[in-house]
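# Results of the structural survey
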Amino acid sequence: SKDPVRVLVTGAAGQIGYAIVPMVARGVMLGPDQPVILHMLDIEPAAEALKGVQMELLDAAFPLLKGVVATTDVAEACKGVKVAVMVGGFPRKEGMERKDVMSRNVSIYKAQASALEKNAAQGCKVVVVANPANTNALILKEFAPSIPPDNITCLTRLDHNRALGQIAGRVKAQVSDVKNVIIWGNHSSTQYPDVNHATVRTSCNGEDRSVRELVADDPWLNGDFIATVQQRGAAIIKARKLSSALSAASSACDHIRDWVLGTPKGTWVSMGVYSDGSYGVPAGLIYSFPVTCDNGKWSIVQGLRIDDFSREKMDATAKELSEEKALAYSCLN
Ligand code: NAX
């Protein structure tokens, strides 16, 4: 049988942490035949709650779970991990300045970057979930220079999955029959959910048909659809009085699973990755692109046609990310 893989979840005593650890322990992230050892990190005020989660993991008797490390020590948490899911961060609170929130997260991600660099296993794959996710990932990359930039990503798969769900609902298809939507840019309300290349497998003959052709309602696709996906996080908070957790956890599992095990042929997914300048996106930002994965490596899908409408939206979200980057850097001094 396979050797266990060590998976780090930071912020593990929080909402998303509570939803994701059982998924990891059940093989949802790395496959049903891959044993895991869970490393859970949180901060001192949450230490007691973290112990409780550890007790529940024991009580659930997961066959694939070969060990649990629950700690408030960052170095111990990072020791030997092959996958790091960075959920811990400083949330924006009512009345706080953007700069203050950024500054708190910059110091967290700077410290955790060094801990990962010193302690993680070779080839560790990192996904940052905590907001501002793209910029936290960029800071992590900057302060972990020995980790290849390609190994540091942020989560936009939740936005991608939300877009699949909205299209499926609109055309009355199964969500599993919709593919190749794209989330461009920032995991924020400036993200651009793009359906210009998306398709739906039709039930009559199993053929893929374009979403534009099937929906045939450009005002909806260019208006309400985009706004709904962009504002979905706020809609969940309004309904639940808490932010998205199970969907975020599930999407983070999708992100890592597809990265490690590969995307299905003919299908791409959205990941926040280090920009190489593709599609005229400034190099050096962590920006969400369409990617395919093979052999543990992602590559940006090339050659897609970008119309003027898309161009404008892709540039707007890039501009926001450049501003976030500048703000983050100003917090370093
Ligand atoms: P919670 O507040 O429930 O949990 C966060 C946990 O992180 C807490 O237990 C806290 O003690 C811990 N923490 C704080 N600082 C830490 C540090 N320095 N090291 C380790 N742990 C630390 O938030 P939750 O709802 O779980 O959301 C977590 C993060 O995900 C937030 O930043 C949130 O904005 C972000 N989200 C990102 C999404 C995405 O798609 N990228 C979607 C969902 C979510 O909103």
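Residues numbered from 1 in each chain as written. Predicted model: local features only at pLDDT ≥ 70, side-chain atom pairs only at ≥ 80, totals over all residues.

## Brief notes about the pairing of strand β1 (residues 5-10)
Judged by how many residues are buried, β1 sits mostly within the fold: 6 of 6 residues are covered. Burial along β1 is two-sided: Val5, Val7 and Val9 facing one way and Arg6, Leu8 and Thr10 facing the other are all buried. The pairing of β1 with strand β2 (residues 36-41) spans 6 bridges and is classified as parallel. Looking across to β2, one finds that Arg6 is bridged to Ile37. For the crossover that starts at β1, traverses helix α1 (residues 15-25) and ends in the parallel β2, the hand is right-handed. By the bridge criterion, 4 bridges tie β1 to strand β4 (residues 83-86) in an arrangement that is parallel. Of the residues in β4, the one forming a bridge with Leu8 is Ala84. (Buried ≥ 20, exposed ≤ 12 C-beta atoms within 10 Å, placed from the backbone. Helix = DSSP H or I, 4+ residues; strand = E, 2+ residues; numbered from the N terminus. Pairing = 2+ DSSP bridges. Right-handed = clockwise from strand over helix to strand, strands pointing away.)

## Digging into the UniProt feature "active site" (unreviewed entry) in the chain
In this numbering, the UniProt entry assigns the feature "active site" (unreviewed entry) to His187. Examined against the element boundaries, His187 turns out to sit in the loop between β8 (182-184) and β9 (192-194). On the basis of neighbour counts, which here come to 28 C-beta atoms within 10 Å, the residue His187 falls in the buried class. Dropping the residues within four chain positions of it, His187 is found in contact with Ala133, Asn134, Cys154, Leu155, Thr156, Asp159, Gly272 and Ser288. (UniProt positions renumbered as here; feature names shortened; annotations may be inferred. Contact = placed C-beta atoms within 7 Å.)

## Quick word on helix α4 (residues 98-119)
Its 22 residues give α4 an end-to-end C-alpha distance of 31 Å, which sits within 8% of 32 Å, the value for a rise of 1.5 Å per residue. Buried within α4 are the following residues: Met102, Asn105, Val106, Ile108, Tyr109, Gln112, Ala113, Ala115 and Leu116. The secondary structure elements touched by the buried residues of α4 are β1, α3 (74-78), β4, β5 (125-128), α5 (133-142) and α12 (308-330). (Expected span 1.5 Å × (residues − 1).)

## Structural notes on the UniProt feature "domain: Lactate/malate dehydrogenase N-terminal" (unreviewed entry) in the chain
The feature "domain: Lactate/malate dehydrogenase N-terminal" (unreviewed entry), as annotated in UniProt, sits at residues 5-151 in this numbering. For the annotated span residues 5-151, helix accounts for 41% and strand for 18% of the residues, and the straight-line distance between the end C-alpha atoms is 16 Å.

## Remarks on the site of the ligand
Near the ligand there are 29 residues, and of these Gly11, Gly14, Ile16, Gly88 and Asn131 occur at the shortest range. A total of 3 residues in the shell around the ligand trace back to one element, the largest contributor, which is α1. Per-class residue counts for the shell around the ligand are 16 nonpolar, 12 polar and 1 charged. (Near = placed C-beta within 6 Å. Nonpolar A, V, L, I, M, F, W, Y, C, P; charged D, E, K, R; others polar.)

## Thoughts on the sheet that holds strand β11 (residues 208-210)
Pairing within the open sheet is antiparallel, and its 3 strands lie in the order β7-β10-β11. Each edge of the open sheet is held by one strand with a lone partner, namely β7 (178-179) and β11. In the sheet, strand β10 (residues 199-201) pairs with β11 via 3 bridges, with the strands oriented antiparallel. Bridge pairing in β11 links Arg201 to Asp208.

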